[in-house]
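Letter by letter, the chains look like this.
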Amino acid sequence: MRNIFLFIRRYFNFLFFLVLQIIALSFLFRYNKFHEAAFMGIASELTGRVSSKYSNVEYYFRLKKINESLAQQNEELLNQLKNNFQGPDSLTAIVVDTLNKDTAGLARRYLWRGARVVNNSVSLQNNYITIHRGERQGVRKDMGVISPQGIVGVVVNTSENFAVVRTMLNRQSSVSSKIKKTGEIGKVFWDGRTPDYVTMENIPKSVKVAIGDSIVTSGYSLSFPPGMMIGVITEIVEDKTSNFYSVKLHPSTNFYSVEYVTVVDNLQKDEQKRLEEATRMTQ
Amino acid sequence: MSKFVRNIIRYILFILVQVFVLFKVSPLHQFIVPYLYFLYILWLPFNTPRITLTLIGFLFGLTLDYFTKTPGLHAAPCTLIAYMRPFLVNILIRQEGAEQNYASPSITSMGLAPYATYVFILTLIHNGYLVFLEWIDFGSFFYFVGKVLASTGVSMLLIFVTEILFFRKEKFRTNTA
């Protein structure tokens, strides 16, 4: 027993170093798997506050760009309004109600909440952004996040007033996507090279793709509504050894200067998830 | 200004510069990540106890991690270089007792060549371990070697510039009595 104590005392420095290493590595690998880490909630509150101070300064230099993109999005939305389409003898009154079911009995599936970006990175291999809206304001894990131009990423961690979003520029993210023109389903991911393009793989060679085609989200994702813009094809990489193309897309979201985002809440997600999990259990 | 306060201010400044200046630089290439923050650990005084040094390294790395949302990725290499630091100082110090005559490692206290070696080895260890941790998750061997070499080069350049811009006057303390 005495020898053990002597040993510990003798090598206390080294043992202390080993303990800290193990703590650090367990933080890292736990976070990479589940995106939860000790004190991440408190730390997000603190770093979020520092970042929002900083982004208040940076914000003024981007006002012009933000205005432009919001105006563009408004124009797009105005064009989708119901009263743009009017036949001579159709229904005249448009009823706006706040019920979660419309007159045709359709239940609301997506709820949108705006949020401001307070921290952003593009230069690392795993990039995250922090938004100033958290659990108290209705943001939960796995919600999708979009910008006026296209999709941004998925919420992976929340604290009371802030949320951390894993952007598309992250080695761990992958988004279910489809080619808008033909409807082929694939997966979009990032290879870590440059923030200027992401990759979509496994497109059969029978499909005709061209440079400039749009890639949008498919309906299979629980986080994103179908048809949200992901990017535009800039290069088609043909692999001679397989029957598939892979294409490089220019992401439509400008990750360098994303300032306002919208969090998408899929209200029917839980029901769908429960059913799918119950089915898996019985198989 | 006391040494303690100065080191706390440095702690905050190094983190802020790394997060809000160096990480905001738009990426030139996948391999080039400008890391400077760990210079804080290299600048800590000679007479810091080894336990404290290791603990500061861990906390310092973890602080940066909570900003980049990668808990552990920077903490592990920082702990390692903080632990290795005393060994290197012992080997590279110019003469016996220099760590008593000067406050902290610098060009004046250690001499240019030993100080450069000290910085280079710890930078290489830091970047090597950091990229190794990334490499476990993804990437190829080429990614590992390329990124270690490129980011070490950039780090060395940044440290060189910092040493020139913020030249630290080291007073020679005569405590021979």
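Computed from a predicted structure; not experimentally measured.

> Could you clarify how one ought to interpret the packing of aromatic side chains in this entry?
In this description, an aromatic ring pair is defined by two values, namely the gap between the centres and the angle between the planes. Applying the stated rule across the entire model yields 28 aromatic pairs over all chains. Aromatic side chains F12(A) and F16(A) sit 6.1 Å apart centroid to centroid with 20° between the ring planes, which places their arrangement in the stacked category. With F12(A) and F16(A) both in helix α2 (residues 12–34) and four residues apart, the pair spans about one turn of that helix. Through a chain of ring-to-ring contacts, the aromatic side chains of Y11(B), F14(B), F23(B), Y35(B), Y37(B), F38(B), Y40(B), W43(B) and F60(B) assemble into a single cluster. Residue placement shows R116(A) over the ring face of Y59(A); its charged tip is 4.2 Å from the ring centre.

> Hey, could you run me through the side chain of E134(B) in this one?
Considering the arrangement of structural elements, one finds E134(B) in helix α7 (residues 112–137). Look past the residues within four positions of E134(B) in its chain and what remains in contact with it is Q125(A), L73(B), Y143(B) and K147(B).

> Mind showing me how you'd approach the sheet that holds strand β2 (residues 126–131) of chain A here?
Hydrogen bonds between backbone groups are what pair the strands of a sheet, and the pairing can be parallel or antiparallel. All names here are of chain A. Here we have six strands rolled up into a closed barrel, ordered β1-β2-β5-β4-β3-β12, and antiparallel in their pairing. Shown here is a sheet whose adjacent strand axes are inclined to one another by a mean of 45°, direction ignored. Here strand β1 (residues 110–120) pairs with strand β12 (residues 260–266) via seven bridges, running antiparallel. Across the sheet, the residue bridging to G114 is T262, located in β12.

> Help me understand the domain arrangement of chain A in this model?
Put simply, an interface is often sized by how much accessible area is lost when its parts join up. Residues and elements named next belong to chain A. The domain boundaries assigned to chain A delineate domain 1 (42–78 + 107–170 + 258–267) and domain 2 (174–253). A C-alpha centroid distance of 23 Å is found between domain 1 and domain 2. For the pair domain 1 and domain 2, the summed buried area comes to about 1,600 Å², and 68% of that belongs to carbon and sulfur atoms. If you sort the residues of domain 1 by the area they bury against domain 2, I151, M168 and L169 come out on top, with a joint share of 37%. If you look at where domain 1 meets domain 2, you find zero salt bridges. Between domain 1 and domain 2 we count eight residue pairs in polar contact (both at pLDDT 80 or more) in total. Among the elements of the structure, β1, β3 (144–146), β4 (151–158), β5 (163–170) and β12 are those that each provide at least two residues to the side of domain 1 that touches domain 2. It is β4 that provides the largest number of residues to the side of domain 1 that touches domain 2, a total of four residues.

> Help me out: how do you make sense of the interface of chain B and chain A in this one?
The interface is formed by 38 residues belonging to chain B together with 42 residues belonging to chain A. Carbon and sulfur atoms supply 69% of the area that chain B and chain A bury against each other, a total of about 3,500 Å² over both sides. Run the count over chain B and chain A and you get zero salt bridges. Our count for the contact surface shared by chain B and chain A stands at eight residue pairs in polar contact (both at pLDDT 80 or more). Within the residue set of the side of chain B that touches chain A, elements represented by two or more residues are α1 (3–22), α3 (50–68), α4 (75–92), α7 and α8 (141–165) of chain B. At nine residues, the largest contribution of residues to the side of chain B that touches chain A is made by α3(B).

> I would appreciate a short explanation of a nonpolar patch on the surface in the present structure.
A cluster of nonpolar side chains, M1(A), I4(A), F5(A), F7(A), I8(A), Y11(A), F12(A), F14(A), L18(A) and I22(A), forms an exposed patch at the surface whose accessible area comes to about 1,000 Å². Contributions of two or more residues to the nonpolar patch are made by α1 (2–10) and α2 of chain A.

> When you look at the environment of I164(B) in this model, what are you seeing that I'm missing?
In this structure, I164(B) sits in helix α8. Taking the C-alpha atoms as reference, I164(B) lies 31 Å from G72(B); in sequence the two are 92 residues apart.

> Teacher, can you tell me more about the sheet that holds strand β6 (residues 174–179) of chain A here?
Residue and element names in this part refer to chain A. Read once around its circumference, the closed barrel built from six strands follows the order β6-β7-β8-β11-β10-β9, with strand pairing classed as antiparallel. The mean inter-strand angle of the sheet, taken between neighbouring strand axes irrespective of direction, is 40°. Examined bridge by bridge, β6 and strand β9 (residues 214–217) share three bridges and lie antiparallel to one another. Residue pairing across strands places K178 opposite V216, the latter belonging to β9.

> Is there a simple way to explain the packing of α2(A) against α7(B) in this structure?
Describing two packed helices takes the angle between their axes plus the distance from one axis to the other. Where α2(A) contacts α7(B), the two axes come as close as 12 Å, and the packing angle between them is 35°. Two packed elements cross with a definite hand, and for α2(A) against α7(B) that hand is right-handed. Of the residues in α7(B), those in contact with Q21(A), L25(A), L28(A), F29(A) and N32(A) of α2(A) are Y129(B), L133(B), I136(B) and D137(B). Residues of the contact of α2(A) with α7(B), tallied by class, amount to six nonpolar, two polar and one charged.

Conventions we followed
Residues numbered from 1 in each chain as written. Chains lettered and ligands numbered in written order. Predicted model: local features only at pLDDT ≥ 70, side-chain atom pairs only at ≥ 80, totals over all residues. Heavy atoms only, no water. Phe/Tyr/Trp six-rings, centres within 6.5 Å; stacked < 30°, edge-to-face > 60°. Helix = DSSP H or I, 4+ residues; strand = E, 2+ residues; numbered from the N terminus. Lys NZ or Arg CZ within 6 Å of the ring centre and 35° of its normal. Contact = heavy atoms within 4.5 Å. Pairing = 2+ DSSP bridges. Axes fitted to C-alpha atoms, helices over the stretch in contact; angles between N-to-C directions. Domains from an automatic or database assignment. Buried area = accessible area lost by both parts, 1.4 Å probe. Salt bridge = Lys/Arg side-chain N within 4 Å of Asp/Glu carboxyl O. Polar contact = N/O pair within 3.5 Å; in protein donor to acceptor, adjacent residues only side chain to side chain. Patch = residues over 30% accessible without salt bridge, like charges linked within 9 Å, V, L, I, M, F, W, Y side chains within 5 Å. Areas by Shrake-Rupley, 256 points an atom, 1.4 Å probe, with all protein chains shown as cover. Left-handed = near helix turned anticlockwise from the far one by under 90°. Nonpolar A, V, L, I, M, F, W, Y, C, P; charged D, E, K, R; others polar.

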